[in-house]
Amino acid sequence: MKPAHLLRHDGPENDGVIFTRKAISTWKGAMRKPSYMLAQSTHFVPANMVRFPMRTSTAAVFRDEIEDAERRRQIEAIAHEWFENTAHLSQVTRYSQHLSFATLVTFGADAAEFAIDRLRAGDIQQHWLILLKAIYDTNPTAPQHMGRASLQAQDWIRWFDERRQDR
Amino acid sequence: MPALFSAGNAENIRLTSPATSEYNCLAWALSVNDQSIWPDPDEYNSWPPDLPREETLQVVQAFLRRLGFEECQTPNFEGGFVKIAIYMSNLRVSHVARLCPEGYWESKCGLLVDVQHTTLQALSPDYGIAAVFMRRSSTSWPPELPQLHPGPALLISASTGGRLI
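Residues numbered from 1 in each chain as written. Chains lettered and ligands numbered in written order. Predicted model: local features only at pLDDT ≥ 70, side-chain atom pairs only at ≥ 80, totals over all residues. Heavy atoms only, no water.

Colleague: Would you mind showing me how to read the overall build of chain B here?
Modeller: Counting its secondary structure elements, chain B contains two helices and seven strands. If you list the helices and strands of chain B from N to C, you get β-α-α-β-β-β-β-β-β. A buried classification covers 50% of the 165 residues belonging to chain B. Expressed as a percentage of contacts within chain B between residues at least 6 apart in sequence, the contacts between residues at least 24 apart total 57%. (Helix = DSSP H or I, 4+ residues; strand = E, 2+ residues; numbered from the N terminus. Buried < 20%, exposed > 50% of the residue type's maximum accessible area, 1.4 Å probe, protein only. Contact = heavy atoms within 4.5 Å.)

Next up, the structure:
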C-alpha cells in the first residue's frame, strides 16, 4: 500500500467512499490552512482519507452532511405544518389522521431523533409522543404518568437514550 | 387566536392563558390543570382503566356520570349547577366546554390556550357542534376524580403457587 502522501492526488473519482465525521472535520481543518502551508505539507491528508478524490467538488465532499441538514429541514417543516394544523384540536386521534403525521412517520429514526430533540429542548407536546409511538410501535411511559406530558417526555427520553446505548 | 376558528372573532372569543400541553379541554372543564383527560387509544391521556378508550359520546358520558353529571336539555345557565357542553364531530366527541356563572363558556383549545367564548357556535364548525349538555351540582366543586390510570403492576410468584406478592 502506498504511503498517504503519495496517494494525495492519486486514484479515480470514488463516489462510494463513506467518510467519518472525524475525517471530514480533519479535512476541513486542513483546508483552512493557507495554501502555501498545504503545498509544503505532504501529510495533510489523514490516513483514513487516502482514497479521497481531491478533484471532487466541495458539495460532493460534504454530501452526507448536506443531505442530513436538508432532511432535518424537511422534517422540521413538516412537523411545523402538522402542529400548526392540529394543535388547536381537542380530539387527539385527529393528530394522527393528518397527512403530515403520515409523512413524518416515513422519516423513521430521523423523525424520532427530531422529536426527542424537541422534548429535550422543553417543547413538551403530545405530538412528539404520538409520533414516537408510531415509529417505534411501543409506549415506554409509566402507567402512572398518563395524562402528564412532562413525565411522559422524560420516560421517552430515557428509553431513547438506553436504546441508543444498547446498540 | 380567533383565526383558528372560522366562526371566531375578537368579540366572541377571548384568550385567557398562554399555551400549555399540561391539560386539555376535558380536564379544564372539570377544573383540573395538572393532567390531560381523554379516552385516546394511544393511552397518553388519563382515563379510568375500566372504561373503553373510545372517543364516543357513550364513553364520555359514562365518565361524566361517575363525577355526578346528568344530562340536561339546554345549555342555558341554571343557578346551583355547573354545565358542560359536549361537541360532536363525525359521531365522535371532539371537544368539551364549561359554562361559567358569568354566562360565558370556557374552553381549553387542544394543546394551546384557554379561551372564553360568548357562544357555543364560536368554536363551530372547527369543533363540530355542541350536541349534548350535562350538568352537576356546583356544591363540592370541583368533583373528586376517580382513579385515572392502571395501578402498579402486580407480581405473581410461581414459588408461592401463583399468589400475589
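Colleague: Please clarify how the overall build of chain A should be interpreted in this entry.
Modeller: In terms of helices and strands, chain A carries eight helices and zero strands. Reading chain A from its N end, one meets helices and strands in the order α-α-α-α-α-α-α-α. Classification of the 167 residues of chain A by burial places 41% in the buried group. Here the analysis covers contacts within chain A between residues at least 6 apart in sequence; of these, 64% occur between residues at least 24 apart.

Colleague: How should I be thinking about the sheet that holds strand β1 (residues 13–15) of chain B in this particular structure?
Modeller: Note: strands within a sheet are paired through backbone hydrogen bonds, in either parallel or antiparallel orientation. Residues and elements named next belong to chain B. Taking strand neighbours across the sheet as the criterion, the seven strands line up as β1-β6-β5-β4-β3-β7-β2 in an open arrangement whose pairing is antiparallel. The sheet is open, and its two borders are formed by β1 and β2 (70–72), each paired with just one other strand. Averaged over all pairs of adjacent strands, the angle between strand axes in this sheet comes to 35°, irrespective of strand direction. The pairing of β1 with strand β6 (residues 114–117) spans three bridges and is antiparallel. By the bridge assignment, L15 is partnered in β6 with V115. (Pairing = 2+ DSSP bridges. Axes fitted to C-alpha atoms, helices over the stretch in contact; angles between N-to-C directions.)

Colleague: Would you mind showing me how to read the nonpolar core here?
Modeller: A general tendency of soluble globular proteins is for nonpolar side chains to be buried together. L119 of chain A together with L30, F63, L64 and I86 of chain B are the most contacted members of the largest nonpolar core, which totals 77 residues. Setting aside anything within four residues of it in sequence, one finds I86 of chain B in contact with L57, V60, Q61, L64, V93, H95, I129, A130, A131, V132 and M134 of chain B. (Core = buried A, V, L, I, M, F, W, Y, C linked by side-chain atoms within 4.5 Å.)

Colleague: What exactly am I supposed to notice about the packing of aromatic side chains here?
Modeller: A ring pair, where both rings are aromatic, is described by two values, the distance of the centres and the angle of the planes. Within this structure, the stated rule accounts for 10 aromatic pairs over all chains. With centroids separated by 5.1 Å and ring planes inclined at 80°, the aromatic side chains of W156 of chain A and W159 of chain A adopt a geometry described as edge-to-face. Here W156 of chain A and its partner W159 of chain A are both found in helix α8 (residues 149–166), three residues apart, which amounts to about one turn of the helix. The class for W156 of chain A is buried, based on a relative accessible area of 0%. The ring of Y23 of chain B carries the charged tip of K108 of chain B above its face, separated from the ring centre by 5.2 Å. One Lys or Arg, R135 of chain B, reaches over the ring of F81 of chain B and ends 4.1 Å from the middle of that ring. (Phe/Tyr/Trp six-rings, centres within 6.5 Å; stacked < 30°, edge-to-face > 60°. Lys NZ or Arg CZ within 6 Å of the ring centre and 35° of its normal.)

Colleague: When you look at the packing of helix α4 (residues 63–86) of chain A against helix α5 (residues 99–106) of chain A in this model, what are you seeing that I'm missing?
Modeller: Between two packed helices, both the angle of their axes relative to each other and the distance between the axes serve to describe the pair. Residues and elements named next belong to chain A. Running from amino to carboxyl end, α4 crosses α5 at an angle of 150°, the nearest separation of the two axes being 8 Å. One element, α4, and the other, α5, form an angle in the roughly antiparallel class. The handedness of the crossing between α4 and α5 is left-handed. Of α5, the residues touching α4 (which contributes I75, I78, A79, E81 and W82) are S100, F101, T103 and L104. Of the residues contributing to the contact of α4 with α5, the split by class is six nonpolar, two polar and one charged. (Parallel < 35°, antiparallel > 145°, perpendicular 65-115°, else oblique. Left-handed = near helix turned anticlockwise from the far one by under 90°. Nonpolar A, V, L, I, M, F, W, Y, C, P; charged D, E, K, R; others polar.)

Colleague: Quick question: what am I supposed to make of empty space enclosed by the protein here?
Modeller: Scanning all chains against the criterion turns up one cavity of 30 Å³ or more. Lining of the largest cavity is provided by L89, S90, V92, Y95 and Q126 of chain A together with N24, S36, N45, G110 and L111 of chain B. (1 Å grid on protein atoms, 1.4 Å probe; cavity = no way out; pocket = protein on both sides within 12 Å on 5 of 7 lines; lining within 4 Å. Points joined across faces, edges and corners; volume = space filled by probe spheres on them.)

Colleague: Honestly, the interface of chain A and chain B in this entry has me stumped. Any pointers?
Modeller: By convention, interface size is frequently given as the accessible area that disappears when the constituent parts associate. At the junction of the two partners, chain A supplies 28 residues and chain B supplies 33 residues. For the pair chain A and chain B, the summed buried area comes to about 2500 Å², and 50% of that belongs to carbon and sulfur atoms. In terms of surface lost to chain B, no three residues of chain A exceed H88, S90 and M146 of chain A, which account for 28% of the buried area on that side. Applying the counting rule to chain A against chain B returns two salt bridges. For the pair chain A and chain B, the number of links is 18 residue pairs in polar contact (both at pLDDT 80 or more). Among the secondary structure elements, those contributing two or more residues to the side of chain A that touches chain B are α7 (126–136) and α8 of chain A. Residue contributions to the side of chain A that touches chain B peak at five residues, all from α7 of chain A. (Buried area = accessible area lost by both parts, 1.4 Å probe. Salt bridge = Lys/Arg side-chain N within 4 Å of Asp/Glu carboxyl O. Polar contact = N/O pair within 3.5 Å; in protein donor to acceptor, adjacent residues only side chain to side chain.)

Colleague: Teacher, can you tell me more about the pattern of salt bridges here?
Modeller: Think of it this way: side chains of opposite charge can pair up when their charged atoms draw near. Per the stated rule, a full pass over the model turns up 16 salt bridges over all chains. The residue R72 of chain A makes a salt bridge to D117 of chain A at a minimum N-O spacing of 2.9 Å. Linking R72 of chain A in helix α4 with D117 of chain A in helix α6 (residues 109–120), this pair joins segments that are 45 residues apart in sequence. On the basis of relative accessibility, which here comes to 29%, the residue D117 of chain A falls in the partly exposed class. Across the salt bridge formed by R148 of chain A and D34 of chain B, the nearest N and O atoms sit 3.5 Å from each other. You can see R148 of chain A sitting in the loop between α7 and α8 and its partner D34 of chain B sitting in the loop between α1 (25–29) and α2 (57–66), one on each of two chains. Residue classification places R148 of chain A among the partly exposed positions, given a relative accessible area of 26%. It is possible to trace a salt-bridge network through shared partners that takes in E70, E78, K83 and R135 of chain B.

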